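So you can see what is in the structure, the chains are spelled out below.
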Amino acid sequence: ITYYLTMYLITQMQKPEKQQKSINAFLVLSPQLEFDTIKAQILEKILEDLKPKTIAFEHYSVAWTIPQTQASSMPLCSPLDYQFLLDPALK
């Protein structure tokens, strides 16, 4: 599964939405990975690109979409959310 990440520095989040500039990245990960591994990989990208002083998954808003099947953003906060993502992604 290819995950496209859109990340914002706190300084960008304080600007009006149309003026915010994102940092974009992607991850290619196996659908067999456990949710904790997915979280760790996302946090690694955040650490690499945003360079926060401290890092915890709970400090970030993580959501997903699959344009052909799930156009609106859905949260990715738990193993159940992850399973809900995998079902349409693997069809």
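Preceding this section is the structure that the text describes.
Residues numbered from 1 in each chain as written. Predicted model: local features only at pLDDT ≥ 70, side-chain atom pairs only at ≥ 80, totals over all residues. Heavy atoms only, no water.

(A) Focus on the packing of aromatic side chains. Throughout the structure, instances matching the rule amount to four aromatic pairs. Summarising the aromatic geometry, the rings of Tyr4 and Phe26 are spaced 6.4 Å apart at their centres and angled 45 degrees between planes, so their arrangement reads as tilted. With a gap of 22 residues between them, Tyr4 in strand 1 (residues 2–7) and Phe26 in strand 2 (residues 23–28) connect regions that are remote in the sequence. For the pair Trp64 and Phe84, a centre-to-centre distance of 5.9 Å together with 65 degrees between the ring planes defines the contact as edge-to-face. Taken together, the positions of Trp64 in strand 3 (residues 63–66) and Phe84 in helix 3 (residues 79–89) put the pair 20 residues apart, joining distant regions of the chain. With a relative accessible area of 7%, Trp64 lands in the buried category. (Phe/Tyr/Trp six-rings, centres within 6.5 Å; stacked < 30°, edge-to-face > 60°. Helix = DSSP H or I, 4+ residues; strand = E, 2+ residues; numbered from the N terminus. Buried < 20%, exposed > 50% of the residue type's maximum accessible area, 1.4 Å probe, protein only.)

(B) How the structure looks around the nonpolar core. In terms of nonpolar packing, the biggest core is built from 20 residues, with Tyr3, Ile42, Leu76 and Tyr82 touching the most fellow members. With six residues, helix 2 (residues 35–50) is the single largest residue contributor to this core. Those residues in contact with Ile42 that sit more than four places away from it in its chain are Leu27, Phe57, Val62 and Leu76. (Core = buried A, V, L, I, M, F, W, Y, C linked by side-chain atoms within 4.5 Å. Contact = heavy atoms within 4.5 Å.)

(C) Quick look at the pairing of strand 3. Burial along strand 3 is one-sided: Trp64 and Ile66 are buried, while Ala63 and Thr65, pointing the other way, are not. Examined bridge by bridge, strand 3 and strand 4 (residues 70–75) share three bridges and lie antiparallel to one another. From the neighbouring strand, Ala63 faces strand 4, where its bridge partner is Pro75. Linking strand 3 back to strand 4 in an antiparallel pair, the connection comprises three residues. (Pairing = 2+ DSSP bridges.)

(D) Here's a closer look at the pattern of salt bridges. If you walk through the whole model with that rule in mind, you get two salt bridges. Lys39 serves as the salt-bridge partner of Asp36, at 3.8 Å between the closest nitrogen and oxygen. Separated by three residues within a single helix, Asp36 and Lys39 lie in helix 2, roughly one turn from each other. Lys45 serves as the salt-bridge partner of Glu48, at 3.5 Å between the closest nitrogen and oxygen. Within this pair, Glu48 and its partner Lys45 are both found in helix 2, separated by three residues, close to a single helical turn. (Salt bridge = Lys/Arg side-chain N within 4 Å of Asp/Glu carboxyl O.)

Keep in mind these values describe shape, not function.
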